[in-house]
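Chain by chain, the residues:
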Amino acid sequence: MLQKAAIIVLNQNSVALGRQIASALPGATVYGLLKRTTGVDRGFDNFGDTLRELFASGTPIVGVCAAGILIRSLAPIISDKRQEPPVLAVAEDGSAVVPLLGGLHSVNDIARLIAAVLEVPPAITTTGDIRFRTALLAPPKGYYLENPEAAKGFISDLLAGAKVKLEGNALLNLNWLVNSKLPFDANGEKEIRVTEYKTDYTPDCLVYHPATLAIGATVNGVNYVNDIEDAVALVKELLVNAGLSEKSVAGVFVLNKDAAQRSINQIARFLDVPLRLLKLEGIQGVQGKDIQSQAKMAELLALTATGSSGKLLTQVSNDSIDISIALSSSIIDADAIGKPRGKLFIVGTGPGASGWMSPEVKRILNEATDLVGYSFYLDLAGALRPEQRRHDSDNREELARAKMALDLAAEGRNVAVVSSGDPGIYAMAAAIFEVLESNAVPEWQHVQVEVAPGISALQAAAAKIGAPIGHDFCVISLSDILKPWSIIERRIIAAASSDMVIAFYNPASKQRTWQLTSARDILLKYRLPETPVVLARNLGRVGESVLVRSLGDFSVSEVDMRTLVLVGSSKTRVVKHSEGVWVYTPREYSEG
């Protein structure tokens, strides 16, 4: 499935044009070069790296810039035209729309959409597209070209005067072919075949598989590893025995209760199709007696997805799963049936700088329908697209925030819970799992939960000053909100006596300074006053500072909740250099 487009602008004058282009491409994100643009959805520092990252993730790219800079930036990673996403260049004055890459993924159609909004002709150079007014290499949504390697010669022969006949499911709407300017002739030497069935083909035949098959599945009990492997093998065997193409499967359709079953999710992943959840009352023709029959429910699920004219083709069962395949008389839009399985991603944006945010986290934030978090951290995540929803809460409302995020995901939404740094370090990941454990909410059990790591404040602070955590270290939070000071004190004593480097999170606030003072007093019983201390504040954000002090003389007044305090071991060293100092802890540790 084609992702939502990224529109790249390099200066403020192009932002309005970027927004105009976005109006033609629903869900598009406008990326702007930092320090040169405002009012964009996402900022970036490095044009080439951002472009290559988007391209590698399969994101369609529209660059409001010269075609040359796009080509030069992407040249090192262009390799497989079957995989490359659409790439287009739009002149900065909107006078030209030039498709560059992605002929197999509707780049010319995207060019036409943009050109219509800008009221200019698209600069399409694909001869077959121009002559026949359809792109055989890029069929519309719901159709898959089985043998694209034959298309180049096939189209060349048509351009040279060959005729083509059309064979296919007579019930399907094939206007994209019928209304084209292809040279159709019932006796043509070339053939376009549209079928749900596996078929032999030659270079003289293009085979398209329509998304007209629906798989209904029900599960008996909890899946084990062998069950998962058997379920996928069962689907493969069922399709082969019926002579059906897996590329004609539009989706896997299940009851809500089976949403988290691993075998069903693995089937959808294997087929690379949506998994859709249906409520019992939404199933076509269901009766009370059917509820007790796993096989009958699988059949009814498949038939519901294929509509009133659907036809059951084949079905199979074993001890753990029942599978049915039904055929529709029209293309199945799986996204319009039931609801998706809810997803809850717990992400870390890093300390603050956009360059420290991982590509995985950027992708999750871009695809999310809802972003949940503390207001300050949501600001770090960047601007939202119009259709995205933002749910702000106070920094101390972690459990309430976790419950709200799970409720949203249970509705079938794609939710990102946003933390700064890494979400597993004094952040929202633990809160989510705590709420899951302590609340028996059935709907939450259907939600797909994943944690996406981020660069922690500890890592960022260490990198800024050198390598203070080059040897053993530990992390301690000085906040006594969720644990008593007596426990914190014991941990400080244990860490201090073991001579590990210590990173202190939540070291002080306006109302809470005595804990850091107490921690320093404990440390001075075990470490020399000259021990290096790093005070890293607002990392990756405006007002960033990284200071090096000593344990004996650093001032608590220099520290707040946005400061990470790193206390060196007896081996930690300060190295002077032309730009200031580096701090590092040697890799080798010896007694004495």
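This is a predicted model, so every value here is computed, not measured. (Residues numbered from 1 in each chain as written. Predicted model: local features only at pLDDT ≥ 70, side-chain atom pairs only at ≥ 80, totals over all residues. Heavy atoms only, no water.)

When helices and strands are counted, the protein chain shows 17 helices and 29 strands. Taking the principal axes of its C-alpha atoms as reference, the protein chain extends roughly 95 × 65 × 45 Å. Counting over 592 residues, the protein chain shows a buried share of 49%. Of the contacts made within the protein chain by residues no fewer than 6 positions apart, 65% connect residues no fewer than 24 positions apart. (Helix = DSSP H or I, 4+ residues; strand = E, 2+ residues; numbered from the N terminus. Buried < 20%, exposed > 50% of the residue type's maximum accessible area, 1.4 Å probe, protein only. Contact = heavy atoms within 4.5 Å.)

What follows deals with the packing of helix 13 (residues 398-410) against helix 14 (residues 428-438). The packing of two helices is summarised by the inter-axis angle and the distance between the axes. The interhelical angle for the contact between helix 13 and helix 14, taken along N-to-C directions, is 70 degrees, at an axis separation of 9 Å. For the element pair helix 13 / helix 14, the angle class is roughly perpendicular. At the point where helix 13 passes helix 14, the crossing takes the right-handed sense. Counted together, Glu-398, Leu-399, Arg-401, Ala-402, Lys-403 and Leu-406 of helix 13 and Met-428, Ala-431, Ile-432, Glu-434, Val-435 and Leu-436 of helix 14 form the full contact between these two elements. A per-class count over the contact of helix 13 with helix 14 returns eight nonpolar, no polar and four charged. (Axes fitted to C-alpha atoms, helices over the stretch in contact; angles between N-to-C directions. Parallel < 35°, antiparallel > 145°, perpendicular 65-115°, else oblique. Left-handed = near helix turned anticlockwise from the far one by under 90°. Nonpolar A, V, L, I, M, F, W, Y, C, P; charged D, E, K, R; others polar.)

With that out of the way, let us pick up the side chain of Asn-108. Turning to its location among the elements, Asn-108 is positioned in helix 4 (residues 107-118). The residues contacting Asn-108, other than those within four sequence positions of it, are Pro-99, Ile-124, Thr-126 and Asp-129.

Let us look at the packing of aromatic side chains. On inspection of all chains with the given rule, the structure shows seven aromatic pairs. Arranged with centres 5.0 Å apart and planes meeting at 65 degrees, the rings of Trp-485 and Trp-514 form a pair that is edge-to-face. You can see Trp-485 sitting in helix 16 (residues 485-498) and its partner Trp-514 sitting in helix 17 (residues 514-523), a full 29 residues away along the chain. The class of Trp-485 is buried, set by a relative accessible area of 14%. (Phe/Tyr/Trp six-rings, centres within 6.5 Å; stacked < 30°, edge-to-face > 60°.)

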